Each structure stands twice: as structure tokens, then as C-alpha cells.
Amino acid sequence: MNTVGSPRYAPEWLALREDADVRARAEQLLDPLVGFLAGAAASGGLTVRDLGCGTGSMGRWLASRLPGPQSWFMYDRDPALLENIAARMPREAADGSPLEVIPQQRDITRLTGDDLAGTSLVTASALLDLLTADEMEALAAACAEAGCAVLLALSVEGRVEIGPADPLDEKFNAAFNAHQRRTDGGRRLLGPDAVDAATAAFERNGATVRTRPSPWRLGPDDRALTAQWLLGWVAAACAQEPSLEAASEDYLRRRLDACDAGELRAVVHHRDLLALPGDPAGTVPA
Ligand SMILES: C[S@@+](CC[C@H](N)C(=O)[O-])C[C@H]1O[C@@H](n2cnc3c(N)ncnc32)[C@H](O)[C@@H]1O
């Protein structure tokens, strides 16, 4: 299993972000996805594979928006996150059809076309930045071989807007982005380049790709999430650029005080990507 240098994701963090994720998801991509899946949904049902599923946030959002019987294979390398995942999934599909949930500890960077045979939909959320360019290419090729739809949600784009603005915002963001692109155990992570790399990889493999923005919009009602996000963002920036350490304490204090007072707003830009095999007709509203 490919776990070299890989961070563990706390279930508390995944729970904290779930509401902001739900608000951010690009619902416009659902219509073309449902259209593509209609045939499979009507005949036998959907086989869905959720890569890097964590505690199942994507499935909780998506399963009840898709019609037809569904089998959800939920893959994560961290078995602790998979505990109780089935009990937390919706009971029914959009049309009341049954759902089956199959959690499996698995390294998703090793999935092949054979592993995906018979799959209707590959999905993932907040995962792509953790892949390398080669892993992305292999995933796109495996999906093309399987002829499945692919919905990859909430990939970071490397842009944040924090209000009120602070002169150090850009320095911390640049260092954070460099940290996301770091080489870890010999793997150079895509970080904020993931959506461009995925778009190119899926198009090279014959898919039609649509992307839509899916930003977190954080305000006074998101204090706990915003504070945790800021702490992680600044820590990663300092790990990448130790010269920022000296300024980080004051910067963080200013930001956390404003957050506490309900005065801080942040837009953390993400993008959702839908890749469908071939060149299907149909447009997605902007
Ligand atoms: C940022 S979390 C997102 C979790 C979940 N998709 C969500 O949206 O809440 C990334 C997840 O990917 C998993 N992951 C990262 N690399 C993986 C790999 N190579 N194989 C399997 N799981 C992986 C992590 O364990 C973690 O649960």
C-alpha cells in the first residue's frame, strides 16, 4: 500500500468540512451525469466506486441524488475511516431503489481497468491534489478502459480570498501551494495543478470533460471550520517556508481573533470535474 509520507485524515476534520462541502458541490454536473447513467440505472443498477472515500461524505451527498439500485464500493487506505460507513449512507436512491455499501481498505493509486470492469461511475472528493501526474494518467486510462463516468469533486485550485485582506495572505498562500506540490517519498504531488492535469489526462483518454467551480464560502457561521482550516493552512506554509515562522504567530492571532469575532470571510476555491466517455450530447448550465 502506498502510504509513504501520507497524512492521516482525522474523522473530526472530515466531519467539520462536510457541511461546507455540501454547499460547495457543483450541482450543475448532476444532470449530464444522471443522463449518462440512465441506461445502467434502468437495467440492473449502478456500480459506483468512491476513491479515498474517508468517512463517506461524497456518498452521503450523491447516492440519494442518483436513481436506480446502487452498489457503492468505498475505498480508503485508512481502515479506521471505513468503520460504520455503511450505517451512515442513505438507505435509498433518488427513486427509492435499494443501496448496497461495500467498504474496502485499498490503495486507489493501483486501480487498473480490470479492477474497474463493470463500473458505472468512479467518484472522489477532495482527493486529486494527493495524486501524482502518473497516477492521474493511470486512473484516466483505467476509467477509459472501463467506459465509466467519472465525477471528481472539490479539488483545490490554489486560490484563496480572505477578508479583510492582510499583507501576508499571498506569502502564506504561495508557501501553502508549494507545500501541496511537494515531493513526498519520491512522489511529486499535483496539489493545485490537479484539475488541469486531470482534464488533460481524461481528454487524452477520449473523455469529454466539464468542470465547474465549487468554492467553500466561509463566514461567521463556519467559525470552527475556518479556524481549523487556517491552522492547517499556516502550519503547511511554515513547514514549506520556515522563514514564515517568525510572522506566523501574529498573523494567526489576527486571523483567529477576526474569525472568533465573526468578522472573517474566506473563499477557498475548488473545482468539480465530470468526465464522460466519448462525446455525449448535452450541455451543462454555467
Ligand atoms: C481529504 S480526505 C477526503 C475524504 C472524503 N473523500 C471526503 O470528501 O470527506 C482524502 C482521503 O483520501 C484517502 N487517500 C489518500 N490517498 C489514498 C490512496 N492512495 N488510496 C486510498 N485512499 C487514499 C485518505 O485516507 C483520506 O480519507
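Treat the numbers as computed from the prediction; the structure is a model and nothing was measured. Numbers given to residues run from 1 along each chain, matching the order in which its sequence is written. In view of the model being predicted, local features appear only for residues whose pLDDT reaches at least 70, and side-chain atom pairs are presented and counted only at 80 or more, with totals across whole chains, interfaces and linings using the full set of residues. Only hydrogens and water are set aside; all other atoms, that is, all heavy atoms of the structure, feed into the side-chain values.

Student: How should I be thinking about the pairing of strand E4 (residues 121–125) in this particular structure?
Tutor: Each residue's exposure class comes from its accessible area (1.4 Å probe, protein chains only) as a fraction of the maximum for that residue type: buried when under 20%, exposed when over 50%, partly exposed otherwise. Strands are runs of DSSP state E lasting at least two residues, helices are runs of H or I lasting at least four, and both sets are numbered from the N terminus onward. Burial of E4 is extensive: 5 of the 5 residues sit out of reach of the surface. Pairing geometry for strand E1 (residues 46–51) and E4, over 4 bridges, is parallel. Each bridged residue has a counterpart across the sheet, and for Leu51 the counterpart in E4 is Ala124. Two strands are counted as paired when DSSP detects at least two bridges linking them. As paired strands, E4 and strand E5 (residues 149–163) are joined by 5 bridges and run parallel to one another. Bridged to Val122 within E5 is Val150.

Student: Honestly, helix H1 (residues 11–24) in this entry has me stumped. Any pointers?
Tutor: Given 3.6 residues per turn, any residue in an α-helix points the same way as the ones three and four places further on. Between the first and last residue of a helix there are one fewer steps than residues, each counted as 1.5 Å, and that sum is the expected span. The terminal C-alpha atoms of H1 lie 20 Å apart, and with 14 residues this matches the ideal 20 Å at 1.5 Å per residue to within 8%. Of all the positions in H1, only Leu14, Arg17, Glu18, Ala20, Asp21 and Ala24 are classed as buried.

Student: I would appreciate a short explanation of the nonpolar core in the present structure.
Tutor: Generally speaking, nonpolar side chains in soluble globular proteins are found buried as a group. Counting residues in hydrophobic clusters, the biggest one holds 56 residues, and the most contacted among them are Leu33, Leu62, Leu121, Trp229 and Trp233. The greatest single-element share of this core, amounting to 9 residues, is contributed by helix H8 (residues 223–240). Leave out the neighbours within four places in its chain, and Leu62 touches Leu30, Trp72, Leu121, Thr123 and Leu151. In plain words, nonpolar cores are sets of buried Ala, Val, Leu, Ile, Met, Phe, Trp, Tyr and Cys residues tied together by side-chain atoms within 4.5 Å. One finds Leu51, Tyr75, Val150 and Leu190 within the second-largest nonpolar core, a separate group that totals 30 residues. Whether two residues touch is decided by their heavy atoms; if any such pair falls within 4.5 Å, the residues are in contact.

Student: Explanation requested: the pattern of salt bridges in the structure shown.
Tutor: Oppositely charged side chains can form a pair if their charged atoms are brought close together. Just to be clear on terms, a salt bridge is a Lys or Arg side-chain nitrogen sitting within 4 Å of an Asp or Glu carboxyl oxygen. Throughout the structure, instances matching the rule amount to 17 salt bridges. Between Arg60 and Glu18 there is a salt bridge, and its shortest N-O distance comes to 2.8 Å. Of the two residues, Arg60 sits in helix H3 (residues 57–62) while Glu18 sits in helix H1, which places them 42 residues apart along the sequence. Accessibility assignment for this pair places Arg60 and Glu18 in one class, buried.

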